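Letter by letter, the chains look like this.
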Amino acid sequence: MFVLLADDRQRWSWQAKGKRLTFTCKEGTVHWRLPFRPAAAGIHPDLLMVATQALLSPWHKDLLEGWTPSRPRGEKVGLAFSGGIDSTAAMSLLPEDTVLVYHRRSFKSNLQHRGADRLFRHLKKAGRRVHSVPSNHEILRQHHRLPNGFSTDVASAVHLILTADHFDLGGIAFGMPIDNTYLWHGHRWREFSESGWWRRWVPLLSSVGLDIVLPIGGISQASTVQLVQEAGLGDVVSSCLRASFPGCGRCWKCFHKHTLLGRPADLNAREIQTFLAKRPLKTATHVLWWIGQHDRWDLVPDLAHMKNHDLSAWTMHYAPAFDLLPDWIRDHVKQAMERSIPRMPDDAALIGQDLFPDAP
Ligand SMILES: [Zn+2]
């Protein structure tokens, strides 16, 4: 195997053989199958440093000590494309030459890829290619007795970081709706640009020529459903990870997302009942909006006092989110957004709201 980069203190190393990229660390050995041969084409060491940080920073605090980044910015934007509703909406707001890259779990798991594959076949017919990067890097958490998953939020885009030279990327887009940006845990308003997420990741990625792009950062999951419908993909896309299209009808996403596309859901299903009973309510603002729309306050009788909280802005866009986009892509996203989603008034009750003030 060819060593691409190794830590001076021997805590981690990146190696390549053919199209297979291997990362070795105390947490284990994990792989990616890339669309190119890293030993021949090379991967800028800065990208490997940031990938290391995305994978290991919860457990190692000084990974980037003594490192000075130098990678020049690329030209295109790449989307961490999950194939679900939110990332499909993000795609619809980005330029046509956006590189769509899918992280495919390469280990045995209950999560289903079939919903995404159906969308990818449909997009292919329309001339849009989705690149899949198989990897098992989510198993690194097992070493720390955590369930499989992304070590950090940016680990969900580590496949784009690793392919950024190959695809000439100058930005990485995430399908992250307002529920995860301006709303802390989906219920308490915050200034997102002052959040730990923003401060931790934006300067770091930018230092290696990758701007973070959040096309749907100022809109809700109700608006992402609308965008997907307007793109003609309402009958193609699925956010359910439990079953193939059209979804299991029994999970939280089938409840609050798929029902908006006219698909049935069993509201008595265990997961849906469990999350409806949680306080603070899970996905709170969106679900309260859903309950108001469907007049189903019987589902959360103790929250009936929230009936008067005006959530009409939930189907509008929060214009200051455009300021978080890099200059080179802002106008495109803004124009695409303004064609479909109305602007939120400055005095919307959503702005500054705190639905569960007693929550920590
Ligand atoms: Zn489901």
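A brief look at the structure comes next. None of these values were measured; they are calculated from a predicted model. (Residues numbered from 1 in each chain as written. Predicted model: local features only at pLDDT ≥ 70, side-chain atom pairs only at ≥ 80, totals over all residues. Heavy atoms only, no water.)

**Overview of the overall build of the protein chain**
In terms of regular secondary structure, the protein chain is built from 11 helices and 11 strands. The globule rule puts the C-alpha radius of gyration for 360 residues at 21 Å, and the 21 Å found for the protein chain is close to it. Put simply, the protein chain has 360 residues, and 56% of those count as buried. A separation threshold of at least 6 residues defines the contact pool for the protein chain, and within that pool the share at least 24 residues apart is 66%. Only carbon and sulfur atoms are counted for the fraction: they give 48% of the accessible area of the protein chain, which is about 16,100 Å². Charge centroids of the protein chain, computed over 43 positive and 35 negative side chains, lie 10 Å from each other. (Helix = DSSP H or I, 4+ residues; strand = E, 2+ residues; numbered from the N terminus. Rg over C-alpha atoms; globule rule 2.2 N^0.38 Å. Buried < 20%, exposed > 50% of the residue type's maximum accessible area, 1.4 Å probe, protein only. Contact = heavy atoms within 4.5 Å. Areas by Shrake-Rupley, 256 points an atom, 1.4 Å probe, with all protein chains shown as cover. Lys, Arg positive; Asp, Glu negative; His and termini not counted. Charge placed at Lys NZ, Arg CZ, Asp CG, Glu CD.)

**Things to note about the environment of Ala90**
Tracing the backbone through its elements, the reader meets Ala90 in helix H3 (residues 85–93). Put simply, Ala90 and Arg121 are 31 residues apart on the chain and 18 Å apart in space, counted from C-alpha to C-alpha.

**Brief notes about the nonpolar core**
In terms of nonpolar packing, the biggest core is built from 89 residues, with Trp14, Trp32 and Leu276 touching the most fellow members. Examining the composition of this core, we find that eight residues originate from one element, helix H2 (residues 45–56), more than from any other. The next biggest cluster of nonpolar side chains, apart from the first, holds 35 residues, and it includes Leu119, Ile219, Leu233 and Leu325. (Core = buried A, V, L, I, M, F, W, Y, C linked by side-chain atoms within 4.5 Å.)

**A closer look at unusual backbone geometry**
The amide bond that connects Phe245 to the next residue, Pro246, takes the cis arrangement and shows omega of 5 degrees. Assignment of secondary structure puts Pro246 in the loop between helix H7 (221–230) and helix H8 (252–256). Cis geometry is found at the peptide bond from Arg279 to Pro280, where omega equals -5 degrees. Positive phi, normally seen in glycine, also occurs at Gln10, with a value near 60 degrees. Looking at the secondary structure, you find Gln10 in the loop between strand S1 (2–6) and strand S2 (12–17).

**Observations concerning the pattern of salt bridges**
Under the definition given, this model contains 15 salt bridges. Residue Asp62 pairs with Arg9 through a salt bridge whose shortest N-O separation is 3.0 Å. On the criterion of sequence distance, the pair formed by Asp62 in the loop between H2 and strand S5 (76–80) and Arg9 in the loop between S1 and S2 is long-range, its members being 53 residues apart. Judged by its relative accessible area of 23%, Asp62 falls in the partly exposed class. Between Asp117 and Arg104 there is a salt bridge, with its nearest N and O atoms 2.7 Å apart. Residue Asp117 is located in helix H4 (residues 114–125), and its partner Arg104 is located in strand S6 (residues 99–105); the two are separated by 13 residues in the primary sequence. Residues joined by salt bridges that share partners form a network here, namely Asp7, Arg9, Arg11 and Asp62. (Salt bridge = Lys/Arg side-chain N within 4 Å of Asp/Glu carboxyl O.)

**What to know about the coordination of the zinc ion**
Within the protein, the zinc ion binds to Cys240 (SG), Cys248 (SG), Cys251 (SG) and Cys254 (SG); these donor distances fall in the range 2.3 to 2.4 Å. Around the zinc ion, the four donor atoms sit at angles spanning 106 to 117 degrees, and that spread fits a shape best called tetrahedral. Within one chain, the residues serving as donors to the zinc ion are arranged as C-x7-C-x2-C-x2-C. With Cys240 in the loop between H7 and H8 and Cys251 in the loop between H7 and H8, the pair connects residues that are 11 residues apart, well separated along the chain. Across this residue pair, the class does not change: Cys240 and Cys251 are buried. (Donors = N, O, S within 2.8 Å, 3.2 Å for Na, K, Ca; no water. Tetrahedral: all angles 85-135°; square planar, octahedral: opposite > 155°, others 65-115°.)

**Side note on H4**
If you check H4, its first and last C-alpha atoms are 17 Å apart, about what 12 residues at 1.5 Å a residue would give, namely 16 Å. Taken together, the buried positions of H4 are occupied by Gly115, Ala116, Asp117, Leu119, Phe120 and Leu123. Contacts from the buried residues of H4 go to H3, S6 and strand S7 (130–135). Once H4 ends, the next one or two residues include Gly127, with phi positive near 90 degrees. (Expected span 1.5 Å × (residues − 1).)

**Some words on the packing of H3 against H7**
The relative placement of two packed helices comes down to the angle between their axes together with the axis-to-axis distance. Across the interface, H3 lies against H7 with an axial gap of 8 Å and an inter-helix angle of 60 degrees. One finds that H3 runs oblique with respect to H7. The hand of the H3/H7 crossing is left-handed. Of the residues in H7, those in contact with Ile85, Asp86, Thr88, Ala89, Ser92 and Leu93 of H3 are Gln221, Thr224, Val225, Leu227 and Val228. The residue makeup of the contact of H3 with H7, split by class, is six nonpolar, four polar and one charged. (Axes fitted to C-alpha atoms, helices over the stretch in contact; angles between N-to-C directions. Parallel < 35°, antiparallel > 145°, perpendicular 65-115°, else oblique. Left-handed = near helix turned anticlockwise from the far one by under 90°. Nonpolar A, V, L, I, M, F, W, Y, C, P; charged D, E, K, R; others polar.)

**Details of helix H10 (residues 284–294)**
Since the α-helix advances by 3.6 residues per turn, residues separated by three or four positions end up pointing in the same direction. With eight of 11 residues buried, H10 lies mostly within the body of the structure. The inward-facing, buried residues of H10 contact strand S9 (183–184), H7, H8 and helix H9 (270–277).

**Re a positive patch on the surface**
A cluster of basic residues, Lys17, Lys19, Arg20, Arg33 and Arg37, forms a positive patch at the surface. Mapped onto the elements of the fold, Lys19 is located in the loop between S2 and strand S3 (20–25). (Patch = residues over 30% accessible without salt bridge, like charges linked within 9 Å, V, L, I, M, F, W, Y side chains within 5 Å.)

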